[in-house]
Amino acid sequence: METVRVRFAPSPTGELHIGGLRTALFNYLYARRHGGVFILRIEDTDRTRYVPEAELRLMEMLKWAGIAPDEGPQVGGPHGPYHQSERLPMYRQAAEELMAKGLAYPCYCSSETLDQMRQQQQARGMPTRYDGRCRKLTPDDRKRLDDKGLTPVVRMVLPDREERMVVKDLIRGNVAFNTSQLDDQVLLKSDGFPTYHLAVVVDDHAMEITHVLRAEEWLPSTPKHLLLYRYLGWEPPQYAHLPLLLNDDRSKMSKRKGDVSVEAYQAKGYLPEALVNFIALLGWSPGDDREVFTLEELVQEFSIERINKTGAVFNRDKLDWMNQQYMSRLPVERLVALARPFFPDLSVLERNHDLVVRAAGVVQPSLVTLADLPSQLELFLKDPQAPLAPEVDQTLAKDEVRRLAGSMATHLGAVNPWGAKGFQEAMKTVQKETGLKGRDLWIPARMVITRAGEGPELPLVVEALGRDLTLERIRQAAQG
RNA sequence: GUCCCCAUCGUCUAGCUGGCCUAGGACACCGCUCUUUCAAGGCGGCGACACGGGUUCAAAUCCCGUUGGGGAUGCCA
């Protein structure tokens, strides 16, 4: 059996879209599952939308997600170059071959002419298609137009006779189109760059792509591609059109309503493993109730047969849950290391590394994203001079609470070894001595130690804080 | 407008070769519990086969239609 070769072919027009990441992921998974090759090809044929930074960042994002390509601009490979802008001669040659065969022709119509044509057609309730007027141009006509300084585009010719084109889609089955609904598609633009339709066919063939896994929005243009394969005498790849990722209102996922770029989720503190796991489950499922998968497990389980046909809404709540799953499984040291970019002041982190790690272990189960860690750690690292919340300030100002703090200082000072258990024991003595109990004891005690009204279980906080810090805070409260 | 795709809880989905489905799981929501705080955790609850026709002893599962949603209709990808 031939080696599976699949590609992800984004255009560098901005940040990598979540939908793009999912397409890349499915291609990656399919390649890995079948011992194939995953290729990255940069479709930079639209110079008007080109964003210089985009390509590099896009590749960084793939790396971040753990799905770096086997062949592509950075890694190279035997089928390069991997930028379409560097493959112009190949497209030109294909276009010329088609023109020589009478399967393509130069078209001199201006965009104004085309706009008008479409408007008129729409007004009459007709399908909007190029009417083919430039097909009839004689060599003399063309020469005259060339001499006028016009640069034509190259359009493909549709079959004379109406014909049924069948796309064999691995996900949707056979999908039939009638060539009478197709258009004399532009293949080469007047700037000499190819359109997507020509470039994708030429490149997929040249790069020996066996399977095209791409978003469903491409399904309607697949018959054009099939026609081109036939015109050029090439064997088309197999197609699988992936269900779309949707906004809450079920329209195609886009900016406007929430974040759609991978960068945005990285910046919010989502873990790549969680994001990948989450989007893998959008449009695909393993067939049982498992939901948490490593990349390796996804590779083992993945199959095109289990991709479904319906578009999937990108649900942030579930992503949060998924991220939390991964957050809670992280080794604490790693958690802290990954969260570094989210600390406003790294020096605090460095000065208190051991404390930070112990404290991170305490708050870990309740973290949703990496970005949550700094704020959750605040009560462990709080500056003694920092202003207090009004209700904390009021409570700590009470004589009764000063006495409580005094009692705590005495009895906690004697705790040995230091820890949650010793703290509990000592607090029993404090309870007897002060006569305080229940909420009257525990809420002020919490405030004495953490200077906050809420937080993780106090014994755990105390254990993580350590003897010295805890006692220091208690003494400060005792003195008022 | 035209063409194409799709249709199970609010969301992601299981169900695909019809009977094991009084439709399972997860997220969200609600309740209880644990916790002398807030979360997290544990337990439970709410909640769907779009509609109408067929086919069949039997349909969420097959067929047709309707409705609804989406996508495509660019010298963008």
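Since the structure is predicted, the reported quantities are computational estimates derived from the model, not experimental observations.

Chemist: How should the nonpolar core be read in this particular structure?
Modeler: Soluble, globular proteins show a tendency: their nonpolar side chains are buried together. If you look at the biggest cluster of nonpolar residues, it comprises 102 residues, and the most contacted ones within it are F380 and M408. The element that contributes the greatest number of residues to this core is helix α1 (residues 18–33), accounting for 9 residues. Not counting the four nearest positions on each side in its chain, M408 is found in contact with G413, M427, V430, A445, V448, I449 and I474. Grouped together as the second largest cluster of nonpolar side chains are 36 residues, L158, M165, L198 and L219 included.

Chemist: What should I look at first to understand the protein's contact with RNA strand B in this one?
Modeler: Close contacts around RNA strand B come from 64 residues, with K189, G283, E291, W442 and G455 the closest. Backbone atoms, meaning sugar plus phosphate, form 72% of the atoms of RNA strand B positioned within 4 Å of the protein. In this structure, a phosphate oxygen belonging to RNA strand B sits 3.2 Å away from a main-chain N or O atom of Y196. At 3.0 Å from a sugar or linking oxygen of RNA strand B is found a main-chain nitrogen or oxygen belonging to L281.

Chemist: Can you walk me through helix α9 (residues 272–280) in this structure?
Modeler: Residues separated by three or four positions in an α-helix point in the same direction, a consequence of the helix having 3.6 residues per turn. Most of α9 sits out of view: 8 of its 9 residues are buried. Of the residues making up α9, those classed as buried are P272, A274, L275, V276, N277, F278, I279 and A280. Where α9 is buried, its residues contact α1, α2 (54–65), α8 (262–267), α10 (295–301) and α11 (316–329).

Chemist: Can you walk me through the packing of helix α12 (residues 332–339) against helix α14 (residues 353–363) in this structure?
Modeler: α14 packs onto α12 with a crossing angle of 105° between their chain directions and a minimal axis gap of 9 Å. Considering their axes alone, α12 and α14 lie roughly perpendicular with respect to each other. Of the residues in α14, those in contact with V332, E333, L335 and V336 of α12 are H353, V356, V357, A360 and G361. The residue inventory of the contact of α12 with α14, partitioned by class, reads 6 nonpolar, 2 polar and 1 charged.

Chemist: Is there a simple way to explain the side chain of E263 in this structure?
Modeler: Within the secondary structure, E263 sits in helix α8. When its relative accessible area of 9% is taken as the criterion, E263 is described as buried. Side-chain polar atoms of E263 contact the side chain of R57, separated by 3.3 Å. With near-sequence residues (within four places) excluded, E263 lies in contact with E15, L16, R57 and M61.

Chemist: Would you explain the pattern of salt bridges in this entry?
Modeler: When the charged atoms of two side chains lie near each other, side chains of opposite charge can form a pair. Under the counting rule described, the total for this entry stands at 27 salt bridges. Across the pair R7 and D204 runs a salt bridge whose closest N-O atoms are separated by 2.9 Å. Placement of the pair is R7 in strand β1 (residues 5–8) and D204 in helix α6 (residues 196–206), with a sequence separation of 197 residues. An identical accessibility class is assigned to R7 and D204; each is buried. Note that R41 and D204 form a salt bridge whose closest N and O atoms lie 2.9 Å from each other.

Chemist: What is the right way to read the environment of E305 from this model?
Modeler: Within the element layout of this structure, E305 appears in the loop between α10 and β11 (312–313). Taking C-alpha positions, E305 is 9.1 Å from W284, a pair spaced 21 residues apart along the chain.

Chemist: What exactly am I supposed to notice about the environment of H205 here?
Modeler: Checked against the element boundaries, H205 lands in helix α6. For the pair H205 and W234, spaced 29 residues apart in sequence, the C-alpha to C-alpha distance is 7.3 Å. Dropping the residues within four chain positions of it, H205 is found in contact with Y229 and W234.

Chemist: What am I meant to see in unusual backbone geometry here?
Modeler: Trans peptide bonds make up the majority, and among non-glycine residues the majority have a negative phi. Cis geometry marks the peptide bond from G80 to P81; its omega dihedral reads -5°. In this fold, P81 is placed in the loop between α2 and α3 (88–100). With an omega dihedral of 0°, the bond running from N416 to P417 counts as a cis peptide bond. Unlike most non-glycine residues, E208 shows phi in positive territory, near 55°. Mapped onto the fold, E208 is located in the loop between α6 and β8 (211–215). Of note in the backbone geometry, R451 takes a positive phi value of approximately 60° without being a glycine. Looking at where R451 falls in the secondary structure, it is placed in the loop between α19 (439–450) and α20 (458–465).

The rules we used
- Residues numbered from 1 in each chain as written.
- Chains lettered and ligands numbered in written order.
- Predicted model: local features only at pLDDT ≥ 70, side-chain atom pairs only at ≥ 80, totals over all residues.
- Heavy atoms only, no water.
- Core = buried A, V, L, I, M, F, W, Y, C linked by side-chain atoms within 4.5 Å.
- Buried < 20%, exposed > 50% of the residue type's maximum accessible area, 1.4 Å probe, protein only.
- Helix = DSSP H or I, 4+ residues; strand = E, 2+ residues; numbered from the N terminus.
- Contact = heavy atoms within 4.5 Å.
- Near = heavy atom within 4 Å.
- Polar contact = N/O pair within 3.5 Å; in protein donor to acceptor, adjacent residues only side chain to side chain.
- Axes fitted to C-alpha atoms, helices over the stretch in contact; angles between N-to-C directions.
- Parallel < 35°, antiparallel > 145°, perpendicular 65-115°, else oblique.
- Nonpolar A, V, L, I, M, F, W, Y, C, P; charged D, E, K, R; others polar.
- Salt bridge = Lys/Arg side-chain N within 4 Å of Asp/Glu carboxyl O.

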